[in-house]
Amino acid sequence: MRTLNMAQALRDAHDVALEDPRVVILGEDIGRAGGVFRVTDGLQQRHGSDRVIDTPVSESGIVGTAYGMAIAGLRPIVEIQFLGFVYPAYDQIVSHVARIRNRSQHRFTAPMVIRLPYGAGIGAAEHHSESTEAIFTHIAGLKVVVASTPENAKGLLLAALEDPDPVIFLEPIRLYRSTTGDVAEGHYITPIGESVTIQRGDDVTLIAYGAMIRETLQAANLLESVGVSAEVIDLQTLVPLDSELILKSVKRTGRAVLVHEAPRTGGVGAEIAAQIQAQALYSLLAPIERVTGWDLVVPLRKAEHHYIPSVERITAAARRTLES
Amino acid sequence: MRTLNMAQALRDAHDVALEDPRVVILGEDIGRAGGVFRVTDGLQQRHGSDRVIDTPVSESGIVGTAYGMAIAGLRPIVEIQFLGFVYPAYDQIVSHVARIRNRSQHRFTAPMVIRLPYGAGIGAAEHHSESTEAIFTHIAGLKVVVASTPENAKGLLLAALEDPDPVIFLEPIRLYRSTTGDVAEGHYITPIGESVTIQRGDDVTLIAYGAMIRETLQAANLLESVGVSAEVIDLQTLVPLDSELILKSVKRTGRAVLVHEAPRTGGVGAEIAAQIQAQALYSLLAPIERVTGWDLVVPLRKAEHHYIPSVERITAAARRTLES
Amino acid sequence: MLAEPTRILDADGSPVSEVEHELDTVRYLYRSMVTARIFDRKASALQRQGRLATYAPFEGQEASQIGTAASLKEEDWLVASYRDAAAMNLHGYPWELLLAGRMGDERGGHTPEGINVLPPSITVGGHMIHAAGIAWAQKIKKNNAIAVTIFGDGATSEGDFHEAMNFAGVFELPMIFVCQNNGWAISTPRERQTASETIAQKAHAYGFTGVLVDGNDVLAVDQVIRHSIDRARQGKGPTLVEALTYRIRGHTTADDHSRYREKTHIESWRRNDPLNRVQKFLKAHDAWSAQWQSEIEQSASSQIEHAVTRAENLAPFDVGEIFSGSFAELTPTLLEQRQEAEGYDS
Amino acid sequence: MLAEPTRILDADGSPVSEVEHELDTVRYLYRSMVTARIFDRKASALQRQGRLATYAPFEGQEASQIGTAASLKEEDWLVASYRDAAAMNLHGYPWELLLAGRMGDERGGHTPEGINVLPPSITVGGHMIHAAGIAWAQKIKKNNAIAVTIFGDGATSEGDFHEAMNFAGVFELPMIFVCQNNGWAISTPRERQTASETIAQKAHAYGFTGVLVDGNDVLAVDQVIRHSIDRARQGKGPTLVEALTYRIRGHTTADDHSRYREKTHIESWRRNDPLNRVQKFLKAHDAWSAQWQSEIEQSASSQIEHAVTRAENLAPFDVGEIFSGSFAELTPTLLEQRQEAEGYDS
Ligand SMILES: Cc1ncc(C[n+]2csc(CCOP(=O)(O)OP(=O)(O)O)c2C)c(N)n1
Ligand SMILES: Cc1ncc(C[n+]2csc(CCOP(=O)(O)OP(=O)(O)O)c2C)c(N)n1
Ligand SMILES: [Mg+2]
Ligand SMILES: [Mg+2]
């Protein structure tokens, strides 16, 4: 056990992963420079430049060659510098990575991990603050996970790498250095497909993931101080969704607040709301609330705080569910 | 007024559109060959090859140059041969087309139409049967419309072309030739942002769009024969959603069935369900049902009928809402 | 700069440069082309009878495809697209599966174990990168295998062609890019696809060699490919081969090519038939007889009839099966959806 | 094949080929470079003070950028990226807006009316196609304007570079592609970006001309660009210009470039400074004085200080305003969301 921040925990996970000779890492500036967020710092020196590969600026090429490698028996991890730069590779992901198992009826598969630093909050330039995970959760054949702590970042990465199917791996940019926690040495996994209740409560269920966990927990504390007992679920995996855990909680509390940074329309919250009302309509004591980013391009530094769901907004939404 | 099928109505719309000298059409095989679905048949002969432009096989290039043209004052219409081939252009659409208005704070805009033939039902090869409209409805800065009749196909296309913002224009492949209807000559528009009630009813609201309108109307008829009065709404526009019309109907009937061909998880139905429960929870007499494609790659010819929502499935879902 | 394409036999089967091939090899290549053509005609016929969905015929391109695949070793990989049934089959992909795929059956994509051929790419442009990744994996694993990708002239306009070529150059990948320049991408003639004089010359932009070859001369294609394979295996990196050929039929069975091209042009290419010249060459070397011709035709026909029967007799792809390819293990959501789907199956 | 780059002045300011420029023009180009450098240093300083977000300095590339923009006419278009403030400003994009953008203010993207410069592209690769579309529109509208796009060596690896070049070639678009090959794409050296010997030679793959120029020689860059502009305006199609230069500072103010490159290398490029050689040339022609130098520096400084003040004094971008750029007219959903957002603004 050591106390690490999320970037360090992810580096540790890669180090463990590279013990498997099938594992290779591809990305822009991940080798000598150690990656924009230093997640892969030192790995090329330690594991060699044909295991930790600096590529040209060519996202479709990176994902497409990694896919070929996966088919040929390697286990590639791809780093895209920011989620906002993955769109040029979207065709490779949707048309090939997500589909080769079905297309070849299991004869060929593409077990690979695509790492996407995502989310706002560091005052970055345009395209550097996106949360468009919904464009992956809608695509058949992909699993989608989101880290929220150093511990689950490492465990989910190692689980993703072992998964026989391709995994989109989201890393909240603003938590890389600002969250620390105890991280076990060596190999362990955080299972894909399982959400966790990170705080127990009885009055309302707050459901969040990734970067929004922090604000959501803060909201839960604030609520507690006014006598509202909030349960907090960290989804960890978006596909496959742990609907069982969600429904169990909401059936008990009768109220739900769904929190994400992505735009509201068509975000992950829409899917969860649709499932809850389908399975637990008669338990609902109030409409399900969505606290999300607005249906906008994420504003730049000066105004991004107007965009990211605030503790205040989450708290107010929870209170609304209690008022109706 | 003439009776036209949808492909003919769209051709007519293009012909009218080309009277505006700013309008150009770009796409693969749209000129001499008249387009895979013959929507642009004869237009190049009539309007010249620098107004109706055959391009290289290069979707990102097509959308990207059309975007440049729009900025420079033209009004481009882009034809992508099948929705499944738009992914290579996704970056151009998301990172540029959808954003230039915000990026330049209205100084530059990209009024353009991207036409996407979509949906299954003609026994086509892989990638030719997609319904991934949700990857556009989630993106800020895009409007998304779906034609369902020859009449609204023409009217929506002309409205999309006049819209000051970029419009994703979905055309149901299996309706190109199989639906006919009266289409007015000359110029008219079907307003973007307005849904229509195409059948009045009191017991349950069936909400659908595009290719699924046909099956949904058939289901409504079947329901009528067993004494269930179903209201049918044709969305026509997915963004901006006509929430007012939807809510008014569901508040009255107390029951809703959302129908689309796209995969269920994260589909447009999820968003509508989330909105209905948020605004009309206490009017709901039963959980909202979603009748959708499965979370799968659309199967090939032999099995696609297992995928497309059937009249039977829609009918059964409506009846379930009446049983609870 | 524009080199003459490498050619060994002219259209009349007369050698224009030294023939290095053994007669037996020539007979093998010829026989493979005959078999491929019989398949192609059969598939088109099945389509007309409604027994096959849209089909993309390759008539006229047999030499390019057979020449591409003939000298690959079992461990080498082939990554091809929808029009490349001849090349895929020669490298081990069964006719039966090629037919099943075009009948709209997912099981057509299940390459047999041990055969290193990916199911055909239906989108244009995306698959060349996959071959680069596969070739790269061989290099990383220090295997001796190489990868070959075959594609059309239209495919070179997609960004993914560029990225694949660039990776191949930078990482000196053991692979071959084979462009079947058949003059057309649906209705778009080669000259409107790109302004470069040849496609072969594009290799220069990526720091490796491009070679132009007469794509209707199977001996020339095979020779150029062999040479490229040797280079790739010796660690000398990738090669781009442009095989000049012609699509004799419509783009697919759904295409009316009279809309965009002249009959006379097609006729002139018919006279340049890739089978014809080899037959003449074999005749001139007493290595062909009408009886042998009818033997190989019959053998091909019966092999293909057999494939048709097997493809047509595949059990129905039932509703449960459409779910089976989604993940290694179905997710709870998919299990529920499958149950729902099965409830409606009657 | 690899031509020597076009050069007019060597690193010491001695002409190596005929100088066609009037002395006044040389002084104008020099002054523009001086101003740009002062801006660049100021922006870096502001960033260190926390008054600017990450900034991408262009020191060392002034000649490439000023030479690219100097001979454009008002109606011509410039489509540039994050490092191209010098070129953008010379074509009319105010310093103040360039700063505002880097301060994280959307209003930095609002090009003044009448200025044909797009806001800088932040993603790599995508913007070159936009210039192609703009150039194409000029051709369709029979305008005489052209489009210039400027980008880095790394950008040439993206598929969109290929598609833009291919469209430019096929449709003979009146445009110029200017690659500022500054040796690096963040930590990736030019040799690992592509295996082609030069970037200029890539034009051959698209059927048009590529030109190599000393990117630290503003006279040479301007001359090559003028020639390319003439060709474009005369309907002779596109040109690719590779300007060989060097990024003296880190990729951005957030980059530690000592991780991946040698100090000595940077030092050698410092001796190749683009301003220095022009100053020497002007001195040799009695067209430079210390007083003039201090005049132009002072004038630039005050101009830039003024821009800083204006950028820093922009009114706050309040919550309502983040909605205003979404559509020409806010949708009902956005109106609701704006109301909700305003409810929390305190
Ligand atoms: C990404 C994508 N865009 C468009 C298409 C539609 N399409 C199918 S084949 C074809 C032409 C391809 O031409 P070429 O590469 O020369 O191959 P050929 O058909 O001549 O063998 C097109 C445009 C597609 N399948 N995929
Ligand atoms: C699509 C995309 N991928 C990756 C990045 C991250 N990135 C920003 S600059 C850069 C390097 C670009 O190098 P080059 O084109 O040579 O321009 P330079 O920075 O040297 O001016 C990268 C990889 C990006 N902005 N966009
Ligand atoms: Mg072709
Ligand atoms: Mg560079």
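Residues numbered from 1 in each chain as written. Chains lettered and ligands numbered in written order. Predicted model: local features only at pLDDT ≥ 70, side-chain atom pairs only at ≥ 80, totals over all residues. Heavy atoms only, no water.

What follows concerns the domain arrangement of chain C. Each assigned domain of chain C is listed here: domain 1 (23-315) and domain 2 (320-346). The straight-line distance from the C-alpha centre of domain 1 of chain C to that of domain 2 of chain C is 36 Å. (Domains from an automatic or database assignment.)

Let's shift gears to the domain arrangement of chain A. All names here are of chain A. The domain boundaries assigned to chain A delineate domain 1 (2-183) and domain 2 (196-323). If you average the C-alpha positions of domain 1 and of domain 2, the two centres end up 26 Å apart. Tallying the contact residues gives 28 residues for domain 1 and 25 residues for domain 2. Taken together, both faces of the contact between domain 1 and domain 2 bury some 2,000 Å²; the carbon and sulfur share is 56%. At the boundary of domain 1 with domain 2, the tally comes to two salt bridges. Notably, a salt bridge pairs Arg174 with Glu261, separated by 2.7 Å at the nearest N-O pair. (Contact = heavy atoms within 4.5 Å. Buried area = accessible area lost by both parts, 1.4 Å probe. Salt bridge = Lys/Arg side-chain N within 4 Å of Asp/Glu carboxyl O.)

A separate point is helix H1 (residues 23-48) of chain C. Along its 26 residues, H1 of chain C runs 38 Å from first to last C-alpha, staying within 8% of the 38 Å computed at 1.5 Å per residue. Directly beyond the C-terminal end of H1 of chain C, a positive phi value near 80 degrees is found at Gly50 of chain C. (Helix = DSSP H or I, 4+ residues; strand = E, 2+ residues; numbered from the N terminus. Expected span 1.5 Å × (residues − 1).)

To continue, consider the pairing of strand E2 (residues 147-152) of chain C. The two faces of the sheet receive side chains in turn, since in a regular strand these alternate between them. Residue and element names in this part refer to chain C. In terms of burial, E2 is a largely internal element, five of the six residues being buried. Relative to E2, strand E1 (residues 77-79) is paired through three bridges, and the arrangement is parallel. Residue pairing in the sheet places Leu78 in a bridge with Val148 of E2. Relative to strand E3 (residues 175-181), E2 runs parallel, the two being bridged by six bridges. (Buried < 20%, exposed > 50% of the residue type's maximum accessible area, 1.4 Å probe, protein only. Pairing = 2+ DSSP bridges.)

What follows concerns the coordination of the magnesium ion (ligand 3). All names here are of chain C. Protein coordination of the magnesium ion (ligand 3) is provided by Asp153 (OD), Asn182 (OD1) and Trp184 (O), with donor distances spanning 2.0 to 2.1 Å. Between consecutive donor residues of the magnesium ion (ligand 3), the sequence gaps follow D-x28-N-x1-W. One exposure class covers both Asn182 and Trp184, and it is buried. (Donors = N, O, S within 2.8 Å, 3.2 Å for Na, K, Ca; no water.)

A separate point is the pairing of strand E11 (residues 230-234) of chain A. All names here are of chain A. In terms of residue burial, E11 counts as a mostly covered element, since five of its five residues are buried. Here E11 shows two buried faces, one formed by Ala230, Val232 and Asp234 and the other by Glu231 and Ile233. Across three bridges, strand E9 (residues 196-199) lies against E11 in antiparallel orientation. Bridge assignment links Thr197 to a residue of E11, and that residue is Ile233. Here five bridges tie strand E10 (residues 204-208) to E11, and the two strands are oriented parallel to one another. Directly across from Ile207, in E11, lies its bridge partner Ile233. With helix H8 (residues 212-225) bridging E10 and the parallel E11, this β-α-β connection has right-handed handedness. (Right-handed = clockwise from strand over helix to strand, strands pointing away.)

Moving on: the interface of chain A and chain C. At the junction of the two partners, chain A supplies 39 residues and chain C supplies 42 residues. Summed over both sides, the interface of chain A with chain C buries roughly 3,200 Å², with 65% coming from carbon and sulfur. The tally of links between chain A and chain C comes to one salt bridge. The salt bridge involving Arg107 of chain A is made with Glu113 of chain C; its shortest N-O contact spans 3.9 Å. Summed over the shared surface of chain A and chain C, the number is 14 residue pairs in polar contact (both at pLDDT 80 or more). Those elements that place two or more of their residues in the side of chain A that touches chain C are strand E2 (23-27), strand E3 (52-54), helix H3 (59-71), helix H4 (90-97) and helix H5 (100-103) of chain A. With 10 residues, H3 of chain A is the single largest residue contributor to the side of chain A that touches chain C. (Polar contact = N/O pair within 3.5 Å; in protein donor to acceptor, adjacent residues only side chain to side chain.)

A few words on the sheet that holds strand E9 (residues 196-199) of chain B. Residues and elements named next belong to chain B. Pairing is mixed across the open sheet formed by five strands, whose spatial order is E9-E11-E10-E13-E14. Of all strands in the sheet, those bounded by a partner on one side alone are E9 and strand E14 (289-293). Going from strand to strand, the sheet's axes swing by 25 degrees on average, the running direction of each strand aside. Along the sheet, helix H10 (residues 268-280) contacts strand E10 (204-208), strand E13 (256-263) and E14; its crossing angle with E13, the most-contacted strand, is approximately 155 degrees. (Axes fitted to C-alpha atoms, helices over the stretch in contact; angles between N-to-C directions.)

Under the definition given, this model contains 78 salt bridges over all chains. Of the charged contacts, one joins Arg174 of chain A and Glu215 of chain A as a salt bridge, the two residues approaching to 3.7 Å between their closest N and O atoms. Placement of the pair is Arg174 of chain A in the loop between strand E7 (167-172) and strand E8 (180-183) and Glu215 of chain A in helix H8, with a sequence separation of 41 residues. Of the charged contacts, one joins Arg2 of chain B and Asp12 of chain B as a salt bridge, the two residues approaching to 3.1 Å between their closest N and O atoms. Here Arg2 of chain B is found in strand E1 (residues 2-5), whereas its partner Asp12 of chain B is found in helix H1 (residues 6-17), with 10 residues between them in sequence. A relative accessible area of 25% means that Arg2 of chain B is categorised as partly exposed. You can call Asp12 of chain B buried: its relative accessible area is 15%. When salt bridges with common partners are traced through the structure, they connect Arg41, Glu59, Arg249, Glu267 and Arg270 of chain C into a single cluster.

What follows is about the site of ligand 1. Within the structure, ligand 1 sits among 20 residues, and Glu59 of chain B together with Tyr82, Arg83, Asp153 and Gly154 of chain C are positioned closest to it. Of the chains in the model, those with residues near ligand 1 are chains B and C. One of the side-chain N or O atoms of Glu59 of chain B is found 2.5 Å from a nitrogen atom in ligand 1. The protein chains hide 95% of the 580 Å² of surface that ligand 1 would expose on its own. Classifying every residue of the shell around ligand 1 gives nine nonpolar, six polar and five charged. (Near = heavy atom within 4 Å. Areas by Shrake-Rupley, 256 points an atom, 1.4 Å probe, with all protein chains shown as cover. Nonpolar A, V, L, I, M, F, W, Y, C, P; charged D, E, K, R; others polar.)

Within the structure shown, the criterion is met by 17 cavities of 30 Å³ or more. Leu300 of chain A together with Gly101, Arg102, Pro120 and Ile122 of chain D are, among the 26 residues lining the largest cavity, the residues nearest its centre. Contributing elements (two or more residues each) for the lining of the largest cavity: helix H5 (100-103) of chain B together with helix H3 (85-90) and helix H4 (95-102) of chain D. Ranked by residues supplied to the lining of the largest cavity, first place goes to H4 of chain D with four residues. Considering only residue class, the lining of the largest cavity consists of 14 nonpolar, five polar and seven charged. (1 Å grid on protein atoms, 1.4 Å probe; cavity = no way out; pocket = protein on both sides within 12 Å on 5 of 7 lines; lining within 4 Å. Points joined across faces, edges and corners; volume = space filled by probe spheres on them.)

As a further point, take the site of ligand 2. Taken together, 20 residues sit near ligand 2, with Glu59 of chain A together with Tyr82, Arg83, Asp153 and Gly154 of chain D positioned nearest. Residue neighbours of ligand 2 fall on chains A and D, so the site bridges chains. Between Val124 of chain D and ligand 2, the recorded distance is 2.9 Å, taken from a backbone N or O atom to a nitrogen atom. Taking Asn182 of chain D, its side chain carries an N or O atom lying 2.9 Å from an oxygen atom of ligand 2. Residues that form the shell around ligand 2 fall into these classes: nine nonpolar, six polar and five charged.

Moving on to the interface of chain B and chain C. Tallying the contact residues gives 35 residues for chain B and 42 residues for chain C. A combined buried area of about 3,200 Å² lies between chain B and chain C, and 52% of that area is made up of carbon and sulfur atoms. Three residues, Arg32, Val57 and Lys302 of chain B, lead the burial of chain B against chain C; their summed loss comes to 21% of the area buried on that side. Across the contact surface, chain B and chain C share three salt bridges.

With that settled, consider the coordination of the magnesium ion (ligand 4). Residues and elements named next belong to chain D. The coordination sphere of the magnesium ion (ligand 4) contains the protein donors Asp153 (OD), Asn182 (OD1) and Trp184 (O), at a distance range of 2.0 to 2.1 Å. We note that the donor set of the magnesium ion (ligand 4) lies within a single chain, spaced as D-x28-N-x1-W. With Asp153 in the loop between strand E2 (147-152) and helix H6 (159-170) and Asn182 in the loop between strand E3 (175-181) and strand E4 (184-185), this residue pair connects regions lying 29 residues apart in the sequence.

All right, on to H10 of chain B then. Residue and element names in this part refer to chain B. Taking 1.5 Å of rise per residue, 13 residues should cover 18 Å, and H10 covers 18 Å from first to last C-alpha, within 8% of that figure. Along H10, 11 of the 13 residues are buried, which leaves the element largely enclosed by surrounding structure. Those residues of H10 not exposed but buried are Val268, Gly269, Ala270, Glu271, Ile272, Ala273, Ala274, Gln275, Ile276, Gln277 and Ala280.

Relative to the elements of secondary structure, Gln275 of chain A occurs in helix H10 (residues 268-280). Accessibility expressed as a relative area gives 16% for Gln275 of chain A, which makes it buried. The residues contacting Gln275 of chain A, other than those within four sequence positions of it, are Leu241, Ser243 and Leu247 of chain A together with Arg290 of chain B.

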